[in-house]
Amino acid sequence: MSISLSSLILLPVWISMAQIQQGGPDEKEKTTALKDLLSRIDLDELMKKDEPPLDFPDTLEGFEYAFNEKGQLRHIKTGEPFVFNYREDLHRWNQKRYEALGEIITKYVYELLEKDCNLKKISIPVDATESEPKSFIFMSEDALTNPQKLMVLIHGSGVVRAGQWARRLIINEDLDSGTQIPFIKRAMDEGYGVIVLNPNENYIEVEKPKIHVPSSSDSSDEPAEKRERKDKVSKETKKRRDFYEKYRNPQREKEMMQLYIRENGSPEEHAVYVWDHFIAQSAAENVFFVAHSYGGLAFVELMIQREADVKSKVTAVALTDSVHNVWHQEAGKTIREWMRENCCNWVSSSEPLDTSVESMLPDCPRVSAGNSCKFIMM
């Protein structure tokens, strides 16, 4: 029979409880205190004690993976695809490893946008101070000056960032399936300026500051005896808290807090901000949007807030598995009518490409994306 490390750690506590329960009234108070402590120990969290360290490489090479000439992620030594269950029965550890790899891939895609697609990284807010949180978008050299055509790309919700449609497809399929790069390159080849939005980059994370709680003896005029009793209780409380914290957070993961980016604190805010400061200022006579999933909702919100301006500049909108809802978002009749004429929503379907798909909403037509449109499959 195997015994986990966490079971061995708790063993002295169970023994102590058994011994205490045989004692008198004083011992019963200790029993109550121990029971209270044990009730606050999350056994799921306790199992983290058996995990390997959450210490992962910060490069693809460190993970021993690379993208081959077909844009597929493969192990450098074996040539095999990425394996999620790297450690059996350690789902949380495997998930953390997957997330660490995902962060590296996000940076890798950013590099491709700049080096392979020749896009510029533009910091926002445009008037940000040196110290405040910032985000960014990507634009082609002619995004604001191209007099004819501008393509705007908006991804969906979740962990994806600028230039991505689906992280899972990048890892398990290839770069062409999971990124916006094929769209960007084709648009530029056909003479479009390009703007790539980054609607999920809404905040930065910083470590929570440690709060110092002064002891009661720091500035107290109480009698020394009373102060000593209070200090003793305080020390015992701290000892119990540290004991619990040791098992609640055995790997000492940092506690983080979020600092939101001004005027870009949500995908909807971000879409409006980029419209006001970039798209609306562009010289293009015809603006086209490609918006996936929650990106479609963000576009509809943009229309609600900037209806006249959007109608005057936007020629057509390609939605893919959009999750917008004109009723919940309270889009007016004039917006719904415009969407019927200028938008189309390609949705996941087993029907052949462009086959009409029934819709419950009175807005844009819905048609099948066909089996070849992999990127809409999240």
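Participant: Explanation requested: unusual backbone geometry in the structure shown.
Facilitator: Trans peptide bonds make up the majority, and among non-glycine residues the majority have a negative phi. In this structure, the amide linkage connecting Ile-124 to the following residue, Pro-125, adopts the cis form with an omega of -5 degrees. Even without being a glycine, Glu-64 presents a positive backbone phi close to 65 degrees. Judged by relative accessible area, Glu-64 falls into the partly exposed class, the value being 29%. A positive phi is found at Ser-293, a non-glycine position, where the angle reads about 55 degrees. Take Ser-293: it is sitting in the loop between strand E9 (286-292) and helix H11 (294-305). Of the residues examined, Ser-293 reaches a relative accessible area of 14% and is grouped as buried.

Participant: I'm lost on the pattern of salt bridges in this one. Help?
Facilitator: The full count for this structure, using the stated rule, is 10 salt bridges. Of the charged contacts, one joins Glu-103 and Arg-167 as a salt bridge, the two residues approaching to 3.6 Å between their closest N and O atoms. Of this pair, Glu-103 sits in helix H5 (residues 91-115) while Arg-167 sits in helix H6 (residues 167-172), placing them 64 residues apart in sequence. Here Glu-307 and Lys-311 are joined by a salt bridge, their closest N and O atoms 2.7 Å apart. Separated by four residues within a single helix, Glu-307 and Lys-311 lie in helix H12 (residues 307-313), roughly one turn from each other. A residue is classified by how much of its surface remains accessible, and Lys-311, at 30% relative accessible area, is partly exposed. One network of salt bridges, with partners in common, ties together Asp-127, Glu-132, Arg-262 and Glu-263.

Thresholds, definitions, all that
Residues numbered from 1 in each chain as written. Predicted model: local features only at pLDDT ≥ 70, side-chain atom pairs only at ≥ 80, totals over all residues. Heavy atoms only, no water. Buried < 20%, exposed > 50% of the residue type's maximum accessible area, 1.4 Å probe, protein only. Helix = DSSP H or I, 4+ residues; strand = E, 2+ residues; numbered from the N terminus. Salt bridge = Lys/Arg side-chain N within 4 Å of Asp/Glu carboxyl O.

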